[in-house]
Structures are given as structure tokens and as C-alpha cells.
Amino acid sequence: MRKKKPLIFAHRGVSSKCPENTLSAFRKAIEIGADGIELDVHRSRDGKLVVCHDETVDRTTNGKGVIQEMTAKELSLLDAGGWFGVAFQEERIPLLEEVLNLLQPTTLLLNIELKTDYFFYPGIEEETYALVRKYGMEDRVILSSFNHHTVLRFQRIAPKVLTGILYSCHLYEPHKYAASLGVKALHPPMHLAPHEIIAEAHEAGLLVHGWFSRERFDVARARGYLDSGVDILITNYPEEYLALRDKG
Ligand code: G3P
Ligand code: MG
């Protein structure tokens, strides 16, 4: 039986062509016709939800510092694109609200990853859900985190929103674990998503949303991932995957 092809999500926006987690990376995802985007969320000292991968701004901006010790105003002054290329020097660290505002009029789905891995940002689940509701995007959001306490808290306050558990270790019978938590999706890296794991998850009524760690694009491998049976592929190379998926 021919498997359904996955939806293609732009990981941190189209991060192979634009600086990750910036509005230009998200606009690019809209422009190329991606099915959705994935982004990462932290919280500033003054309680704003901001889109950035790391706990600090050191790697992806011209500044230095820990996000939770900086105000949104301080964060907004940083150049979040120059490290990627001079054409992107005007890029700023976006607020989650700015991204919701950008996506709301489109048809794109949004995977919000709450980065509560090191700092727990108490209350971030309620704050995120409040923003999602403000933009009426409850049925277009997938909420994930490596911190499964966060996922469960979110699920409790927003039972209708699709939730998934991120992991990057060889979980034993992840479908049973996910079912025990009541979440709807597994979010494994693709190297931990062999056929049996995907099949068992589907049999248990779960979705599988795969992503890549240290991704390189290779056509033959990409075809394999497109045929793997996963429901969503979260990739730095969405344009390449869309071309392969839709034109063969
Ligand atoms: O959500 C998939 C992926 O983004 C998880 O890893 O480190 O890229 O946020 P990371
Ligand atoms: Mg992420």
C-alpha cells in the first residue's frame, strides 16, 4: 500500500536560507508554500514570549546574555541576522505574538516548541495558550517540548490543542509512553524513527512528527524520509522536500 506523504514544516523557519527563528525565515516558509513552521520559545525578564533556540543570545545575535535576564526591549535591539549574512542585519528576535500575527491570515500550521529544558519559565504554558487563543489558532497549533511536564501542563489547560513529546534518546516503546501521557504525537529525530516505531505509533492512534539533528540534504535519503510514513517532516530544507514530494 502506498503511504501518505508527509506535511513539510520549515524548522526554525527556512533556516537553510535565512537566519533561524526570524521573521524573514518565517516569511520565506510562507513564500515557498510550506505546510507549517516550527519555532522555539523562551521568556524575557519582563515576561514576553520570544522566539529563539538557545537560552542565550550569544550564538544567533551580535549580543551576549541570557534571555530570561534580559528585557524584551534589550532583546529587540540585537541584530539576529548578521551572523548568517549581511543581507539579514536588520533581523530582530521576534516575539511569539509577531509570528502569530504573521501566520494568522495564512493557512500554515505552527509547531510551537516550548524550550523549558533548562529554565522552566513557570506559567509559560498558560501564557502561550492565551496568545494562541487571541489569534484563534487553537486548531492550527501543535505544542511540543523536550520537557514532558510542560507538555502535560499545556494539555491540561488546552485539551483540544494537539500536543507531542520531543525526545532524542532511544525510548523503549515510545507509543506506550506517549499513550500513557495522553499526548497525540511523537516527535523523534528521524534517526530514531525506524519503520517499526512509526507503525506501532500509528497502530496506537498516534501521529509521528520527525525532525533532524545535524541535517544535511541528500536526495536519496530525502525520498526515503518522504516514504517513511511519518505524518510531518520538520526540516531546514522545506523547499527541497516540497519539490521532491510534489513533483517527484
Ligand atoms: O521540534 C523539533 C526540533 O526543533 C527539536 O530540536 O534543538 O532543533 O529545537 P531543536
Ligand atoms: Mg525546535
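Just so we're clear, the structure is a prediction, and the values are computed from it rather than from any experiment.

Scoring rules and cut-offs
- Residues numbered from 1 in each chain as written.
- Chains lettered and ligands numbered in written order.
- Predicted model: local features only at pLDDT ≥ 70, side-chain atom pairs only at ≥ 80, totals over all residues.
- Heavy atoms only, no water.
- Salt bridge = Lys/Arg side-chain N within 4 Å of Asp/Glu carboxyl O.
- Helix = DSSP H or I, 4+ residues; strand = E, 2+ residues; numbered from the N terminus.
- Buried < 20%, exposed > 50% of the residue type's maximum accessible area, 1.4 Å probe, protein only.
- Disulfide = S-S within 2.5 Å.
- Donors = N, O, S within 2.8 Å, 3.2 Å for Na, K, Ca; no water.
- Phe/Tyr/Trp six-rings, centres within 6.5 Å; stacked < 30°, edge-to-face > 60°.
- Near = heavy atom within 4 Å.
- Polar contact = N/O pair within 3.5 Å; in protein donor to acceptor, adjacent residues only side chain to side chain.
- Areas by Shrake-Rupley, 256 points an atom, 1.4 Å probe, with all protein chains shown as cover.
- Nonpolar A, V, L, I, M, F, W, Y, C, P; charged D, E, K, R; others polar.
- 1 Å grid on protein atoms, 1.4 Å probe; cavity = no way out; pocket = protein on both sides within 12 Å on 5 of 7 lines; lining within 4 Å.
- Points joined across faces, edges and corners; volume = space filled by probe spheres on them.

**Student:** Mind laying out the pattern of salt bridges, listing which residues take part and the relevant values?
**Tutor:** Under the definition given, this model contains 16 salt bridges. Between Glu 240 and Lys 17 there is a salt bridge, with the nearest N and O atoms lying 3.1 Å from each other. Pair noted here: Glu 240 is in helix H9 (residues 238–247) and Lys 17 is in the loop between strand E1 (7–11) and helix H1 (23–32), with a separation of 223 residues, a long-range link. On the basis of relative accessibility, which here comes to 22%, the residue Glu 240 falls in the partly exposed class. Note that Glu 127 is salt-bridged to Arg 43, the shortest N-O span being 3.0 Å. Here Glu 127, found in helix H4 (residues 124–134), pairs with Arg 43, found in strand E2 (residues 36–43); they are 84 residues apart in sequence, far enough to count as distant. Given a relative accessible area of 13%, Arg 43 falls into the buried group. Linked through salt bridges whose partners overlap, the residues forming this network are Arg 12, Glu 20, Asp 40, Asp 54, Arg 59, Glu 113 and Lys 115.

**Student:** Just give me the short version of the state of the cysteines, but keep the residues and values in it.
**Tutor:** If you walk through the whole model with that rule in mind, you get zero disulfides. In this structure Cys 18 is a free cysteine whose sulfur lies 16 Å from that of Cys 52, the closest cysteine sulfur available. Cys 18 gets classed as buried once you look at its relative accessible area, which sits at 5%.

**Student:** Describe the coordination of the magnesium ion (ligand 2), and please don't skip the residues or the numbers.
**Tutor:** In an ideal octahedron of six donors the angles at the metal are 90 or 180 degrees, and in an ideal tetrahedron of four donors they are 109.5 degrees. Summarising the metal site, the magnesium ion (ligand 2) is bound by the protein donors Glu 38 (OE), Asp 40 (OD) and Glu 113 (OE), whose distances to it range over 2.0 to 2.1 Å. Binding-site remark: the magnesium ion (ligand 2) is held by donors from one chain whose sequence spacing is E-x1-D-x72-E. Linking Asp 40 in strand E2 with Glu 113 in strand E4 (residues 109–114), this pair joins segments that are 73 residues apart in sequence. Both residues of the pair, Asp 40 and Glu 113, count as buried.

**Student:** Give a description of the packing of aromatic side chains that names residues and reports values.
**Tutor:** For any pair of aromatic rings, the description consists of the separation of the ring centres together with the inter-plane angle of the planes. If you walk through the whole model with that rule in mind, you get nine aromatic pairs. Ring plane angle 35° and centroid distance 5.8 Å describe the contact between Phe 217 and Tyr 237, whose orientation is recorded as tilted. Separated by 20 residues along the polypeptide, Phe 217 in the loop between strand E8 (207–211) and helix H8 (219–226) and Tyr 237 in the loop between strand E9 (232–235) and H9 bring together distant segments of the chain. A relative accessible area of 21% places Tyr 237 in the partly exposed class.

**Student:** Describe the site of ligand 1, and please don't skip the residues or the numbers.
**Tutor:** Neighbouring ligand 1 are the residues His 11, Arg 12, Glu 38, Asp 40, His 53, Glu 113, Lys 115, Phe 146, Leu 166 and Trp 211. Arg 12 places a side-chain nitrogen or oxygen 2.7 Å from an oxygen atom of ligand 1. Glu 113 places a polar side-chain atom, nitrogen or oxygen, 2.8 Å from an oxygen atom of ligand 1. Protein contacts shield 92% of the accessible area of ligand 1, which totals 290 Å² for the unbound molecule. Tallied by class, residues from the shell around ligand 1 come to three nonpolar, two polar and five charged.

**Student:** Hey, could you go over the layout of surface pockets for me, with residue numbers and the actual values?
**Tutor:** Empty space within the largest pocket amounts to approximately 230 Å³. In terms of lining, the largest pocket is formed by Met 190, His 191, Trp 211, Phe 212, Ser 213, Arg 214, Glu 215, Arg 216, Asp 218, Arg 221, Tyr 225 and Tyr 241. Class assignment of the residues belonging to the lining of the largest pocket gives a composition of five nonpolar, two polar and five charged.

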